[in-house]
Amino acid sequence: MFDLFKDKRFWKGALTLAIPVALQNMLTSSFTLADTLLVSRLGDVALSSVGMVGQWGWLMTMFIFGFCSGTTVFVSQFWGAGDKKRIHSTCGIALVSVLIVSGVFTAVSLAIPQYVLRMFNSDPAIIAEGSKYLRIVAYSYFAVAVTNVLSTVLRSTEEVRLPMYVSGFTTVLNIFLDYCMIFGKCGFAEMGIEGAALATSVSAWAGVAVIIAVS
């Protein structure tokens, strides 16, 4: 056991993989944090609305996380065995699975946003404001699902930097678009809470485009 701490080759490999993954997770968390911080300037109702929608999105993310965790196990094994065909098959199964889950969440969000928000809060003002946000941000759910699966497959095949760079790109883009669309800066119309939702959706799909184009 103690010999492991002296194994420079092991630690170099472990840190090379672990640090980018840790940074990506931090950036992913910062993605939603930007919405929360900037929307807080619109008042308590807007802030609470975004928080309620965030809980709904978090529930979807938990389902996606389960599929991605299983994908990691299989892809890592197939990568070690050099079986790229099964990696592609596993990736396809994972994509179909998470798209079904995100499709259900998107459909419910668009059809009955008020009922979704009533699960978390009964304040009419928060439900009304949150429904505006949810109807727009729901379009990012497919993008979140695809990005999570592709990032999982890339990390499981020792390509950890690209997911980190994509997370950094989408986080910066989201902060910029949030600022522009919420407050009407840089030639954009002032859209308030709906601007925050639109910024999130655009940034999420931009991340998908980058990760597919580069990988």
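Report on the accompanying structure. Keep in mind it's a predicted model, so treat the numbers as computed, not measured.

### Details of the overall build of the protein
Okay, so step 1: Scanning the protein from N- to C-terminus turns up 8 helices and 0 strands.
Okay, so step 2: Reading the secondary structure of the protein in the N-to-C direction produces α-α-α-α-α-α-α-α.
Okay, so step 3: Classification of the 215 residues of the protein by burial places 40% in the buried group.
Okay, so step 4: Excluding contacts between residues fewer than 6 apart, the proportion of contacts in the protein whose partners are at least 24 apart in sequence is 73%.

### What about helix α6 (residues 141-156)?
Okay, so step 1: Here α6 is 16 residues long and its end C-alpha atoms lie 23 Å apart, about the 22 Å a rise of 1.5 Å per residue gives.
Okay, so step 2: Of all 16 residues in α6, 12 are buried, a share of seventy percent or more.
Okay, so step 3: The complete set of buried residues in α6 reads Tyr-141, Ala-143, Ala-145, Val-146, Thr-147, Val-149, Leu-150, Ser-151, Thr-152, Val-153, Leu-154 and Ser-156.
Okay, so step 4: Phi turns positive, to about 70°, at Glu-158, one or two residues after α6.

### Quick notes on a nonpolar patch on the surface
Okay, so step 1: A cluster of nonpolar side chains, contributed by Trp-58, Leu-59, Met-62, Phe-63 and Phe-65, occupies part of the molecular surface with about 540 Å² of accessible area.
Okay, so step 2: Tracing the chain through its elements places Leu-59 in helix α2 (residues 44-81).

### Examining the nonpolar core
Okay, so step 1: Core analysis: the largest hydrophobic core is formed by 44 residues, its most contacted members being Val-53, Tyr-133, Leu-134, Val-137, Tyr-141 and Val-149.
Okay, so step 2: Looking at this core, the elements with two or more residues in it are α1 (8-39), α2, α3 (84-111), α4 (113-118), α5 (124-137), α6, α7 (161-183) and α8 (193-214).
Okay, so step 3: Looking at this core element by element, the count peaks at 10 residues for α2.

Criteria and cut-off values
- Residues numbered from 1 in each chain as written.
- Predicted model: local features only at pLDDT ≥ 70, side-chain atom pairs only at ≥ 80, totals over all residues.
- Heavy atoms only, no water.
- Helix = DSSP H or I, 4+ residues; strand = E, 2+ residues; numbered from the N terminus.
- Buried < 20%, exposed > 50% of the residue type's maximum accessible area, 1.4 Å probe, protein only.
- Contact = heavy atoms within 4.5 Å.
- Expected span 1.5 Å × (residues − 1).
- Patch = residues over 30% accessible without salt bridge, like charges linked within 9 Å, V, L, I, M, F, W, Y side chains within 5 Å.
- Areas by Shrake-Rupley, 256 points an atom, 1.4 Å probe, with all protein chains shown as cover.
- Salt bridge = Lys/Arg side-chain N within 4 Å of Asp/Glu carboxyl O.
- Core = buried A, V, L, I, M, F, W, Y, C linked by side-chain atoms within 4.5 Å.

So far we have only geometry, and geometry alone does not tell us how the molecule works.
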